[in-house]
Amino acid sequence: MIKIGHARSSETKSKNGVAGDQTKEEVSITDFYKADWLYVFRATNPMTAEDIAHFVERCCLNDKIGYSQNNRYTLFYQIQKGNEPDHITEYCDCDCSSLVMCALYYCHLPSYMYMHTGIEKDCIENTGAFQTIEYKTFSDPEYLKRGDILLKSGHTAVVLTNGTKCNEVKKIVTKSEVDCQYKEAKYNTAFYCVESCNMRDYPSLDGLIMCVLPKGHKVRCYGFYNIDSRNVHWLYVETELNGITYYGFVSKKVLI
């Protein structure tokens, strides 16, 4: 069974309570459960994923860390002082999103202190350190990896164990080639990213970001592309990143 770590509720099963974990369930490790998960954020650096998981794990095992929305920043203040989560001796609190925010801060990633689940997707994507994967593309939660961040409306959690299929290639497909306006032989080749760039599900800057490709990353185009209203060529490409195969659009401006 896949395990997740998250800040759940206070000892009164409400938004606020006494500082610290009074029940050993406020900030805790539980079995993964089926829910309306929207996104999985997967660190592009495996060490970052491990650091996030290890941080949350230690928070869950320290009864000095409890749940409260009113006092959601007090864990952050402890981490800001340089305290390791398992060495915190003062009672403090977090909520689900501030726990994830603290994990980002601990990993020296850009973190927004006032992050909440309504803006968490933007905050995590702005770090440039994660792939954004729509959860619905996973037919099976066994594709989840340790260190993945889960997000749904009103709640977020961190995956602490690897699923049995976490190292299998999972294909994530967007628009098909037949939706492309053009095809040219000159684009039927491999390209490399000249800088870190986004793969999108639609040939426009309005398209949703499927993943962030690092500088030098290889993609394969089979000649299909679209042209947007700004005359930008968007190539329909295939690429593999961290064991996941993506099909989507990348601007020709960032490919050589």
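Computed from a predicted model, the values in this text were never measured in an experiment.

What counts and how
Along each chain, numbering runs from 1 in the same order as the chain's sequence is written. Since the coordinates come from a predicted model, pLDDT governs what is reported: local features require at least 70, and pairs of side-chain atoms require 80 or more to be given and counted, while whole-chain, interface and lining totals use all residues. Based on all heavy atoms of the structure, the side-chain values leave hydrogens and waters out of the count. In DSSP terms, a helix is any run of H or I states spanning at least four residues, a strand is any run of E spanning at least two, and both are numbered starting from the N terminus. Relative accessibility decides the category of a residue: with a 1.4 Å probe and only protein chains considered, values under 20% of the type maximum give buried, values over 50% give exposed, and everything between is partly exposed. Here, Shrake-Rupley sampling with a 1.4 Å probe gives the accessible areas, and only protein chains in the shown set may cover a residue. The charged-residue count follows a simple rule in which Lys and Arg add positive charge and Asp and Glu add negative charge, with His and chain termini not counted at all. Throughout, a charge is located at the NZ atom of Lys, the CZ atom of Arg, the CG atom of Asp or the CD atom of Glu. Ring pairs shown here join Phe, Tyr and Trp side chains whose ring centres sit within 6.5 Å, with only the six-membered ring taken for Trp; geometry is labelled stacked below 30 degrees between planes, edge-to-face above 60, and tilted in between. Any Lys NZ or Arg CZ that is within 6 Å of a ring centre and within 35 degrees of that ring's normal is treated as a charge sitting over the ring. A helix is expected to reach a length of 1.5 Å times the quantity of its residues less one. N or O atoms within 3.5 Å of each other form a polar contact, as long as, within protein, one can give a hydrogen and the other can take it, and as long as residues adjacent in sequence are counted only when both atoms are side-chain atoms. DSSP calls a pair of strands paired once it identifies at least 2 bridges connecting them. What counts as an axis is a line fitted to C-alpha atoms, over the stretch in contact for a helix, and the angles between N-to-C directions run from 0 to 180 degrees. Note on definitions: a residue-residue contact is assigned when non-hydrogen atoms from the two residues lie within 4.5 Å.

Student: So what exactly am I meant to see when it comes to the overall build of the chain here?
Tutor: Across its full length, the chain carries four helices and 15 strands. When the backbone C-alpha atoms are referred to their principal axes, the chain occupies close to 65 × 35 × 30 Å. Looking at the chain as a whole, 51% of its 256 residues are labelled buried. Surface accessibility of the chain: about 12,100 Å² in total, with carbon and sulfur atoms responsible for 49%. Once the 29 positive and 32 negative side-chain charges of the chain are each reduced to a mean point, those two points are 5 Å apart.

Student: When you look at the packing of aromatic side chains in this model, what are you seeing that I'm missing?
Tutor: The relation between two aromatic rings is expressed through the spacing of the ring centres and the mutual angle of the planes. This model, assessed by the stated rule, comprises 12 aromatic pairs. Plain terms: the ring middles of Tyr33 and Trp37 are 5.5 Å apart, the flat faces sit at 50 degrees to each other, and that makes the pair tilted. For Tyr33, a relative accessible area of 30% puts it in the partly exposed group. Pairing Tyr182 with Tyr225 gives two aromatic rings, centres 5.2 Å apart and planes at 25 degrees, and the pair type is stacked. A residue pair is termed long-range when its members are at least 10 positions apart, and Tyr182 in strand E10 (residues 182–192) and Tyr225 in strand E13 (residues 218–227) qualify at 43 residues. In this structure, Lys121 is placed above the aromatic ring of Tyr39, and the distance from its NZ or CZ to the ring centre is 5.2 Å.

Student: When you look at helix H1 (residues 46–60) in this model, what are you seeing that I'm missing?
Tutor: Think of an α-helix as 3.6 residues a turn; residues three or four steps apart then line up on the same face. The end-to-end C-alpha distance of H1, which contains 15 residues, comes to 21 Å, matching closely the 21 Å that a straight helix rising 1.5 Å per residue would cover. Among the residues of H1, Thr48, Ala49, Ile52, Ala53, Phe55, Val56, Arg58, Cys59 and Cys60 are the ones counted as buried. For H1, the capping residue at the N-terminal end is Asn45, with a side-chain oxygen 2.9 Å from the backbone nitrogen of Met47.

Student: Would you mind showing me how to read the sheet that holds strand E1 (residues 3–7) here?
Tutor: Remark on secondary structure: sheet strands pair via backbone hydrogen bonds, oriented parallel or antiparallel. Reading across from one edge, E2-E1-E8-E7-E3-E6 is the order of the six strands in this open sheet, with antiparallel pairing throughout. Each edge of the open sheet is held by one strand with a lone partner, namely strand E2 (27–31) and strand E6 (130–134). For this sheet the average axis-to-axis angle between neighbouring strands, irrespective of direction, equals 25 degrees. As judged from the four bridges shared by strand E7 (residues 149–152) and strand E8 (residues 155–159), these two strands associate in the antiparallel manner. In the sheet register, Lys152 faces E8, and the bridge partner there is His155. Each of E1, E2, strand E3 (39–43), E6, E7 and E8 is contacted by H1, which is oriented at about 110 degrees to E2, the strand it contacts most. Across the face of the sheet, helix H3 (residues 96–106) comes into contact with E1, E2, E6, E7 and E8 while running at roughly 45 degrees to E8.

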